[in-house]
Amino acid sequence: MVKRLARLLLLSALLALVAWLALDHYERRWLNEPIAALVEPELFEIAPGSSLTAVARRLEQRGLLEHAWLWIRHARRSGQSAVVQSGEFLLEPGATPASLLEQFVRGRVLLHAVTIPEGWTFREALAAIQAHPAIAAELQGLAAQEIARALGLGDRHPEGLFFPDTYRFPRGTSDRSLLRQMHERLQRELAAAWEQRVEDLPLATPYEALVLASIVEKETGQPDERPLIAGVFVNRLRRGMRLQTDPTVIYGLGERFDGNLRRADLQADTPYNTYTRAGLPPTPIALVGRAALEAAVRPQPTDALYFVATGLGDGRHYFSRTLAEHNAAVARHIANLRRGRGLGVR
C-alpha cells in the first residue's frame, strides 16, 4: 500500500513537472509571437495609477492580448508588474506580448511634435505651442512679462530667449515645460556661439550678439548672405552709423503694422526704430537659429556699409560700399520691382 501510494505521488509529481514545463514552453513561445490582431498601429493610453491587471484586462477587451493571466504571470515573475508607466503608447504591428510589456515598463510613449521656425516672434511661437492639442496650456491668457516671470526669467523681455526647432514631447506636456526646454537650448546655443566670436567684435555681451543675430535672421533667408549682412551691421556699429533696418521698425510697430511700411513709420520714433536711434534695439526682434548666431559672432569681413533687396523675388540683396553705389542699387531694385509687376511676377 505504501509503495503504491509512493508511485502515485511520484507519478503526480512527474505529471505536474511535465505540465509546468509544457506551460513554460508555451508561455515563452506565446510571449514572443506577434499579436495577430495588431494589423495596424493603434493608440493605447495608460492612465496614471493603473494597475497591471487593469492594463491587461483592457488589452484583452480590445482583442490585443489572448491570455491576460499569462501576461500578468510573466510580468510578476520577471519583477515588472509594478513598474508599468502611464502615457500614450503607439502599438505597432509586429509587437509581441513581451515587447508590449517592455514598451510599457520603459515608458516608450508616443511623442508629438511642434515645429517653431527660425524668425518667428515669441508671440507666434507661443500661439503655435498653446494651439497644439497635445500640450497643456498652463500660461494661457498671461502677458509676455508674466510668462517670463513664470518661467523664472525675472523681468526680462521674453523675445528671442527661446531656440526655434522641432520639439518632441509626450501628450500632457505643458507650455511652461516646453518653453523652459526651448530657453535652456537657447542658452546653450548662445554660449557656444559666443565662445567662437572673433576679436574686436563691437558687441559687449552674448545678449547683444543675440539681438544682432535676430536682425540678421529677419533680413535674409539666404544662408550664404547671413555672414555678409552681419558684416555690414558690424561695420555700421563700429562707425557709429545707425543700422537703419526695416525689420526692427516693423517689430516696434507691433500689431499696428498692416504689411505696408510707410515713410511715416520710419520717422516715428520707438525704442526699436533703428532709423531714429543709434545702436542695437533693446531686445531681439525674433527667435534665431544657429546659423544667424554664428553669423553675428563671426561676420564676414567686408567693406560694404549698405544693402538692399534685388527686387527679383529671389530673397537676395545688392551690397554697396558707398552711398552712391547704394543709391544705384536702390534704383535697380525699383526697376526690377516694376519689371516684375509688368510681367505679373509677385
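Asks: Explanation requested: the side chain of Thr270 in the structure shown.
Replies: Within the secondary structure layout, Thr270 lies in the loop between helix H11 (263-267) and helix H12 (290-297). What Thr270 contacts, discounting residues up to four positions off in sequence, is Gly252, Thr276 and Arg277.

Asks: Looking at this model, I keep getting lost on helix H7 (residues 175-195). Mind explaining?
Replies: Here H7 is 21 residues long and its end C-alpha atoms lie 30 Å apart, about the 30 Å a rise of 1.5 Å per residue gives. Those residues of H7 lying buried are Asp175, Leu178, Leu179, Met182, His183, Arg185, Leu186, Glu189, Leu190, Ala193 and Trp194. Buried residues of H7, viewed axially, fall in a sector of 165°; they line one side. Of the residues in H7, the exposed ones pointing more than 90 degrees away from the buried face are Arg188 and Glu195.

Asks: Help me understand the packing of aromatic side chains in this model?
Replies: The relative placement of two aromatic rings is captured by the distance of their centres and the angle of their planes. In this structure the tally under the stated criterion is seven aromatic pairs. When the centroid spacing of 6.3 Å and the interplanar angle of 85° are considered together, the rings of Trp71 and Phe104 count as edge-to-face. Here Trp71, found in helix H3 (residues 68-77), pairs with Phe104, found in helix H4 (residues 97-106); they are 33 residues apart in sequence, far enough to count as distant. Phe104 sits in the buried class, given a relative accessible area of 0%. Seen in terms of ring centroids, Phe89 and Phe104 are 4.9 Å apart; in terms of plane orientation they differ by 70°. Their pairing is edge-to-face. With Phe89 in strand S2 (residues 87-91) and Phe104 in helix H4, this residue pair connects regions lying 15 residues apart in the sequence. When sorted by exposure, Phe89 lands in the same class as Phe104, which is buried. Here a set of aromatic residues connected by ring pairs shows up, and it is made of Phe44, Trp71, Phe89 and Phe104.

Asks: What am I meant to see in the nonpolar core here?
Replies: Generally speaking, a soluble globular protein has its nonpolar side chains buried in company with each other. The biggest cluster of nonpolar side chains holds 52 residues, and the ones touching the most others in it are Phe162, Leu178, Leu179, Met182 and Phe233. Only helix H5 (122-131), helix H6 (144-150), strand S5 (166-170), H7, helix H8 (206-219), helix H9 (226-239) and H12 provide two or more residues apiece to this core. If one sorts the elements of this core by residue count, H7 sits on top with seven residues.

Asks: I keep staring at the packing of H5 against H7 and nothing clicks. Help me out?
Replies: Axis angle and axis distance: for two packed helices, these are the angle between their axes and the distance between the axes, and together they describe the pair. Axis separation between H5 and H7 bottoms out at 10 Å; the angle between their running directions is 135°. By the angle class used here, H5 and H7 are oblique. Judged by the twist between their axes, the crossing of H5 over H7 is right-handed. Contacts between H5 and H7 involve Phe122, Leu126, Ile129 and Gln130 from the former and Asp175, Leu178, Leu179 and Met182 from the latter. Partitioning the contact of H5 with H7 into residue classes produces six nonpolar, one polar and one charged.

How each quantity is defined
- Residues numbered from 1 in each chain as written.
- Predicted model: local features only at pLDDT ≥ 70, side-chain atom pairs only at ≥ 80, totals over all residues.
- Heavy atoms only, no water.
- Helix = DSSP H or I, 4+ residues; strand = E, 2+ residues; numbered from the N terminus.
- Contact = heavy atoms within 4.5 Å.
- Expected span 1.5 Å × (residues − 1).
- Buried < 20%, exposed > 50% of the residue type's maximum accessible area, 1.4 Å probe, protein only.
- Arc of directions from axis to C-beta.
- Phe/Tyr/Trp six-rings, centres within 6.5 Å; stacked < 30°, edge-to-face > 60°.
- Core = buried A, V, L, I, M, F, W, Y, C linked by side-chain atoms within 4.5 Å.
- Axes fitted to C-alpha atoms, helices over the stretch in contact; angles between N-to-C directions.
- Parallel < 35°, antiparallel > 145°, perpendicular 65-115°, else oblique.
- Left-handed = near helix turned anticlockwise from the far one by under 90°.
- Nonpolar A, V, L, I, M, F, W, Y, C, P; charged D, E, K, R; others polar.

Nothing here speaks to function; it is geometry throughout.
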